[in-house]
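# Overview (structure and organization)
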Amino acid sequence: LKLPLPVTTVIFIGVGIGMFLLPPVPGLPVYLAGGIVLTANAVSAGWNFYYAALYACLIAYILKLLAIALQQKVIGQMYGRKSVGIRAAVNINSLDLRAMKLILSKPGLT
């Protein structure tokens, strides 16, 4: 099955997001799959190998940043507001976190 590079990239991003959101899955399988699948597909589309490998690295980097943003905004923000147990586990009222809040609230830092 020969798919165009944009279609392969979108499928890889969808599967990669799913893999990154599963806690037991490390990042290595996602990076290896991207290096193999995206590079091979780009080379078969006529790209130079080095540009194809750079493309795979860039897509993997964007994928990782997207997964981190999803984890923080969707999962972390949802549970951080509602769950008293998670707020207690993070120790939101500890001296360290109060100091961080005080330092970061000064003008010019944020």
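Just above sits the structure.
Residues numbered from 1 in each chain as written. Predicted model: local features only at pLDDT ≥ 70, side-chain atom pairs only at ≥ 80, totals over all residues. Heavy atoms only, no water.

## Digging into the overall build of the protein chain
Looking only at helices and strands, the protein chain has 5 helices and 0 strands in total. Ordered by position from N to C terminus, the α and β elements of the protein chain give α-α-α-α-α. For the protein chain, the C-alpha radius of gyration of 20 Å lies well beyond 13 Å, the compact-globule estimate for 110 residues. Taken over the C-alpha atoms alone, the protein chain extends approximately 55 × 30 × 20 Å along its principal axes. Taken across its 110 residues, the protein chain has 20% of its residues classed as buried. Long-range contacts, defined here as pairs at least 24 residues apart, represent 55% of the contacts in the protein chain between residues at least 6 apart. Accessible surface, the protein chain: about 8,100 Å² in total, of which carbon and sulfur atoms supply 73%. (Helix = DSSP H or I, 4+ residues; strand = E, 2+ residues; numbered from the N terminus. Rg over C-alpha atoms; globule rule 2.2 N^0.38 Å. Buried < 20%, exposed > 50% of the residue type's maximum accessible area, 1.4 Å probe, protein only. Contact = heavy atoms within 4.5 Å. Areas by Shrake-Rupley, 256 points an atom, 1.4 Å probe, with all protein chains shown as cover.)

## Description of the side chain of T39
With respect to the secondary-structure elements, T39 resides in helix α2 (residues 28-44). Excluding its chain neighbours within four sequence positions, the residues that come into contact with T39 are G34, F49, A52, A53 and A56.

## Description of a nonpolar patch on the surface
A surface patch of nonpolar side chains, about 650 Å² in accessible area, is lined by L21, V74, I75, M78, Y79, I86, V90 and I92. Within the residue set of the nonpolar patch, elements represented by two or more residues are α3 (49-82) and α4 (84-90). By the secondary structure assignment, V90 is in helix α4. (Patch = residues over 30% accessible without salt bridge, like charges linked within 9 Å, V, L, I, M, F, W, Y side chains within 5 Å. Salt bridge = Lys/Arg side-chain N within 4 Å of Asp/Glu carboxyl O.)

## Structural notes on helix α1 (residues 5-20)
One turn of an α-helix holds 3.6 residues; hence residues three or four places apart share an orientation. Over its 16 residues, α1 runs 22 Å from end to end, which matches the ideal 22 Å to within 8%, given 1.5 Å per residue. What α1 keeps buried is the set L5, T8, T9, F12, G16, I17 and F20. Buried residues of α1, viewed axially, fall in a sector of 165°; they line one side. (Expected span 1.5 Å × (residues − 1). Arc of directions from axis to C-beta.)

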